[in-house]
Amino acid sequence: VIKNTNILRIALDKIASKVPGTGEVLNRHLPPVYRERLKQNDTPLAPFDLPVSIQNGNIALQNMRLISEGFEMYVTGFVNLSGDIDCRASLVLNPDLSAPLLAEVPQLKYIGDAYGRLIFPAKISENIRNPKIEVDMDTVLARAAPELIADVLQGAMKKKGPTAGGESQEDPYGKLLQNFLGQ
């Protein structure tokens, strides 16, 4: 159990504050079991292995897998002997939690995986007794940008406009983009 930190609530609050429409979808479609889970102060965890080594006097975590209801988290980084944390993590929302978000919040499709799960990078810092977990939305946006740009460009290339005779013709900017991209 991670005391006094509800990882799922932190993640969903951060996502809802940064991605328009997410909060409304969660309010409409969040399964009751998750609603109850969000009211708790702690994060219950399934038993887990702790793959560690000691490097330069720090405990090195190497792809530690934490499982809780609604998500999995993969953590890599360091904890020093006084308990200070410096870790990166991937927060993977379960498919039943991800599905309504992927279906109704178009911006999130760019960070879904082939298994219907949303994956968010996170940073874990502060101290082992009071960890600070932040969803790294800058990395989310950077990861989504190439696919988003490709979709925008493809949409621009497919646009057609009417000719003076009422016939449809290919958009000249779309043709220029196709030539530039070699398509």
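Predicted model, so just to flag it, every value in this text is computed and none were measured. (Residues numbered from 1 in each chain as written. Predicted model: local features only at pLDDT ≥ 70, side-chain atom pairs only at ≥ 80, totals over all residues. Heavy atoms only, no water.)

Chemist: Whenever I open this one, the packing of helix H1 (residues 7-18) against helix H3 (residues 32-39) confuses me. Can you help?
Modeler: The angle between the axes and the distance between the axes are what describe a pair of packed helices. Running from N to C, H1 and H3 point in directions that differ by 105°, and their axes come no closer than 8 Å. With respect to each other, H1 and H3 are oriented roughly perpendicular. Here Leu 8, Arg 9 and Leu 12 of H1 come into contact with H3, specifically with Tyr 34, Arg 37, Leu 38 and Lys 39. (Axes fitted to C-alpha atoms, helices over the stretch in contact; angles between N-to-C directions. Helix = DSSP H or I, 4+ residues; strand = E, 2+ residues; numbered from the N terminus. Parallel < 35°, antiparallel > 145°, perpendicular 65-115°, else oblique. Contact = heavy atoms within 4.5 Å.)

Chemist: Which parts of the structure should I look at to understand the environment of Ser 53?
Modeler: Relative to the helices and strands, Ser 53 resides in strand E1 (residues 52-55). Residue classification places Ser 53 among the partly exposed residues on the basis of a relative accessible area of 22%. Apart from residues no more than four positions distant in its own chain, Ser 53 is found in contact with Asn 58, Ile 59, Ala 60 and Gln 62. (Buried < 20%, exposed > 50% of the residue type's maximum accessible area, 1.4 Å probe, protein only.)

Chemist: Explain the pairing of strand E3 (residues 71-80) here, please?
Modeler: The side chains of a regular strand alternate between both faces of the sheet. Strand direction decides the pairing type here: strand E2 (residues 58-68) and E3, joined by 9 bridges, are antiparallel. From the neighbouring strand, Met 64 faces E3, where its bridge partner is Val 75. Between E2 and E3, which pair antiparallel one after the other, the connecting turn spans 2 residues, and Gly 70 there sits at a positive phi close to 105°. Strand direction decides the pairing type here: E3 and strand E4 (residues 85-93), joined by 9 bridges, are antiparallel. Looking across to E4, one finds that Tyr 74 is bridged to Ser 90. Between the antiparallel neighbours E3 and E4 lie 4 residues, among them Gly 83 with a positive phi of about 95°. (Pairing = 2+ DSSP bridges.)

Chemist: Would you take a moment to explain unusual backbone geometry for this structure?
Modeler: Generally, phi is negative for residues other than glycine and the peptide bonds are trans, each holding for most cases. The backbone of Asn 4 sits at a positive phi, close to 60°, despite the residue not being glycine. Relative to the elements of secondary structure, Asn 4 occurs in the segment before H1.

Chemist: I would appreciate a short explanation of helix H2 (residues 22-29) in the present structure.
Modeler: Since there are 3.6 residues in each turn of an α-helix, residues three or four apart along the chain are aligned in direction. Listing the buried residues of H2 in full gives Thr 22, Val 25 and Leu 26. Axial view of H2: buried residues confined to an arc of 100°, hence all on one face. Within H2, the exposed residues directed more than 90 degrees away from the buried face are Asn 27 and Arg 28. Next to the buried residues of H2 lie H1, H3 and helix H4 (95-104). (Arc of directions from axis to C-beta.)

Chemist: Any chance you could explain the environment of Lys 132 here in plain terms?
Modeler: By secondary structure assignment, the location of Lys 132 is in strand E6 (residues 130-135). Judged by its relative accessible area of 38%, Lys 132 falls in the partly exposed class. When the C-alpha positions of Lys 132 and Ile 10 are compared, they lie 9.6 Å apart, and in sequence the two are 122 residues distant. Sequence-distant contacts of Lys 132, defined by excluding residues within four places in its chain, comprise Lys 123, Ile 124, Ser 125 and Glu 126.

Shape is all these values report; function is a separate question.
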